[in-house]
Every structure is written in C-alpha cells, then in structure tokens.
Amino acid sequence: MLSFVVPVKSKRVSSNWISFCKLYERTLKSICNQTDSDFKVVVVCHEIPEVNFTHENIHYVQVDFEPPIPKSSESKESINKRREIDKGNKLKLGAEYAKSKLGADYIMTVDSDDLISKYTA
C-alpha cells in the first residue's frame, strides 16, 4: 500500500492561512483522485488546515513541537534552516506513522501545494 506524507506549515508562520488552506485542499483532492483505492494520506501538522474536503483515507498527525517562528535578530539563513528541520521532522513522523499504524509498503512525500494528478476532482 502506498502512503503519501504531507508536511504542513503552522498557521503561526503562514503569511496567508486562508490562501494556504485553499492550495492545501487542492493538493488533497489531487492525491485522493487515485485510480487505485489502496492508498493513505498522512498529513503532519501543528494545526489541522481549514478545508471542506474529507476522505476516509486521510489521517492527521498533530505535532507538539514549536513551529519555526522567526526571531527578530535571526538571519534568513538561520530561519530557513529551522524551517527545513521542521519539515524534515514532520516527514520523519509521517513516514513512521504510515509504516507502523497504516502498514505502508511505499511512501511518497508531497508538499502541501503540489498536484500529483491531472484530475484534481
């Protein structure tokens, strides 16, 4: 079984949460528009994005570590590194969840604004 792992940035670091949620919902629709129903989607996030789309194959994993909120004296390089670490930690947790809880054989990482199907539903 294939599991898609989607790391989602925190609402606290988003410049436009409403716009982000619309892009994320489009991504979910794209992922869930598979021809084979044997898949799962693991969304790893601080806050669950506000979307109207639901699907029985979507699983949310909420993290309890702090999001990479920029500090006033922080360099661009430093904040970018912390964002990558945040994303990496979410991907790791999502892959572990997909394997241990859902029995995933294969894992594909997908950014929250990606499309993987030309049929977005």
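Scroll up for the structure.
All values derive from a computational prediction rather than experimental measurement.

Right, let's talk about the state of the cysteines for a bit. Throughout this description, disulfide means a covalent bond between two cysteine sulfur atoms. Tallying each qualifying case throughout the model produces zero disulfides. No disulfide involves Cys-21; its sulfur sits 10 Å from the nearest other cysteine sulfur, which is in Cys-45. With relative accessibility at 0%, the residue Cys-45 sits in the buried group.

Moving on, we get to the sheet that holds strand E2 (residues 39-45). Spatially, E3-E2-E1-E4 is the arrangement adopted by the four strands of the open sheet, whose pairing is parallel. The open sheet is flanked by strand E3 (58-62) and strand E4 (106-109), the only strands paired with a single partner. Here the strands of the sheet are splayed against their neighbours by 25 degrees on average, with no regard to which way each runs. Direction of pairing for E2 relative to E3: parallel, over a ladder of five bridges. Within the sheet, the bridge partner assigned to Val-41 lies in E3 and is Ile-58.

Moving on, we come to the pattern of salt bridges. Pairing is possible between side chains that carry opposite charge, provided their charged atoms lie close to one another. Applying the stated criterion across every chain yields a total of five salt bridges. For Lys-11, the salt bridge is made with Glu-50, and the minimal N-O distance between the two is 3.6 Å. Of this pair, Lys-11 sits in the loop between strand E1 (2-7) and helix H1 (17-32) while Glu-50 sits in the loop between E2 and E3, and the two are 39 residues apart along the sequence. Judged by relative accessible area, Lys-11 falls into the partly exposed class, the value being 41%. Ionic pairing is found between Asp-86 and Lys-90, a salt bridge with its closest N-O pair at 2.8 Å. Of this pair, Asp-86 and Lys-90 are both found in helix H2 (residues 76-100), four residues apart, which corresponds to roughly one turn of the helix. Note on accessibility: Asp-86 and Lys-90 belong to one class, buried.

What counts and what doesn't
- Residues numbered from 1 in each chain as written.
- Predicted model: local features only at pLDDT ≥ 70, side-chain atom pairs only at ≥ 80, totals over all residues.
- Heavy atoms only, no water.
- Disulfide = S-S within 2.5 Å.
- Buried < 20%, exposed > 50% of the residue type's maximum accessible area, 1.4 Å probe, protein only.
- Pairing = 2+ DSSP bridges.
- Helix = DSSP H or I, 4+ residues; strand = E, 2+ residues; numbered from the N terminus.
- Axes fitted to C-alpha atoms, helices over the stretch in contact; angles between N-to-C directions.
- Salt bridge = Lys/Arg side-chain N within 4 Å of Asp/Glu carboxyl O.

So, to be careful, I would describe these as geometric facts and stop short of saying anything about function.
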